Amino acid sequence: MPTYNLSTNKTPDETMSELRYCFEGWRDAELISARNLKDANDTAEVVFEFHGETVRVQYGLQQRYRDNLRAVYLTLEGLRLAYRRGLGDLLTNTVSQMLQLGAAAVHRDPYELLGVRPDTPLPVAEAAYKTLAKALHPDAGGSDEDMRELNDAIQRVRRDRA
């Protein structure tokens with residue numbers, strides 16, 4: 001899968017202004033907050049309410065917070081425009097089908113899954129992985145899907161530390 005690289009000259013304040021404008025034009029959604037999680041990846045987190053449900057979007061694959069925030073803004077603006085064009089139902093059905101197929105692009109936070117903080121030393125994260133693997137392994141009553149998700153989490157943590 002190709003890596004998405006984004007580098008913006010927009011400041012976080014400029015992107016926040018555009019993000020607020022995006023939500024002003026989206027009658028079914030309301031911006032709650034946006035912040036830098038200040039983890040190893042300068043992850044951007046945007047929280048909003050959509051149809052009465054709180055939605056939390058986190059993105060930290062770019063090297064700078066400004067780029068992560070910009071990627072989230074561009075994605076949300078695209079979603080807003082899709083709903084405005086009457087494609088909301090199509091989009092909802094498509095995403096639902098992708099989730100049912102186990103789309104690789106949808107990941108839980110690896111640190112949350114391992115039950116450790118992002119600043120936890122790698123040997124401690126690996127120990128948490130081993131403990132969970134004993135319980136989640138299919139031979140111990142877990143599922144293949146749980147084990148795949150756990151393996152993916154420790155791989156992402158190791159990549160973060162490389």
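Located above this text is the structure these notes cover.
Residues numbered from 1 in each chain as written. Predicted model: local features only at pLDDT ≥ 70, side-chain atom pairs only at ≥ 80, totals over all residues. Heavy atoms only, no water.

Quick look at the sheet that holds strand 1 (residues 29-36) now. Spatial strand order, 1-2-3: 3 strands in an open sheet with antiparallel pairing. Both edges of this open sheet fall to strand 1 and strand 3 (53-59), since each of them pairs with a single strand only. The average undirected angle you get between the axes of adjacent strands in this sheet is 15 degrees. Inspection of the sheet shows strand 1 paired to strand 2 (residues 44-50) by 7 bridges, in the antiparallel sense. Within strand 2, the residue paired with Ser33 across the bridge is Val47. The strands that helix 1 (residues 12-24) touches are strand 1 and strand 2; relative to strand 1, the one it contacts most, it runs at about 160 degrees. (Pairing = 2+ DSSP bridges. Helix = DSSP H or I, 4+ residues; strand = E, 2+ residues; numbered from the N terminus. Axes fitted to C-alpha atoms, helices over the stretch in contact; angles between N-to-C directions. Contact = heavy atoms within 4.5 Å.)

Moving on, we get to the packing of aromatic side chains. Two descriptors summarise a pair of aromatic rings, namely the distance from one centre to the other and the angle between the planes of the rings. Under the criterion given, the structure shown has 6 aromatic pairs. Between Phe23 and Trp26, the ring centres sit 5.6 Å apart and the planes meet at 25 degrees, which makes this aromatic pair stacked. As far as the burial class goes, Phe23 and Trp26 line up, both buried. Summarising the aromatic geometry, the rings of Phe50 and Tyr83 are spaced 5.3 Å apart at their centres and angled 75 degrees between planes, so their arrangement reads as edge-to-face. Of this pair, Phe50 sits in strand 2 while Tyr83 sits in helix 2 (residues 65-84), and the two are 33 residues apart along the sequence. A relative accessible area of 16% means that Phe50 is categorised as buried. Put simply, the rings of Phe23, Trp26, Phe48, Phe50 and Tyr83 touch in pairs and so form one group of aromatic residues. (Phe/Tyr/Trp six-rings, centres within 6.5 Å; stacked < 30°, edge-to-face > 60°. Buried < 20%, exposed > 50% of the residue type's maximum accessible area, 1.4 Å probe, protein only.)

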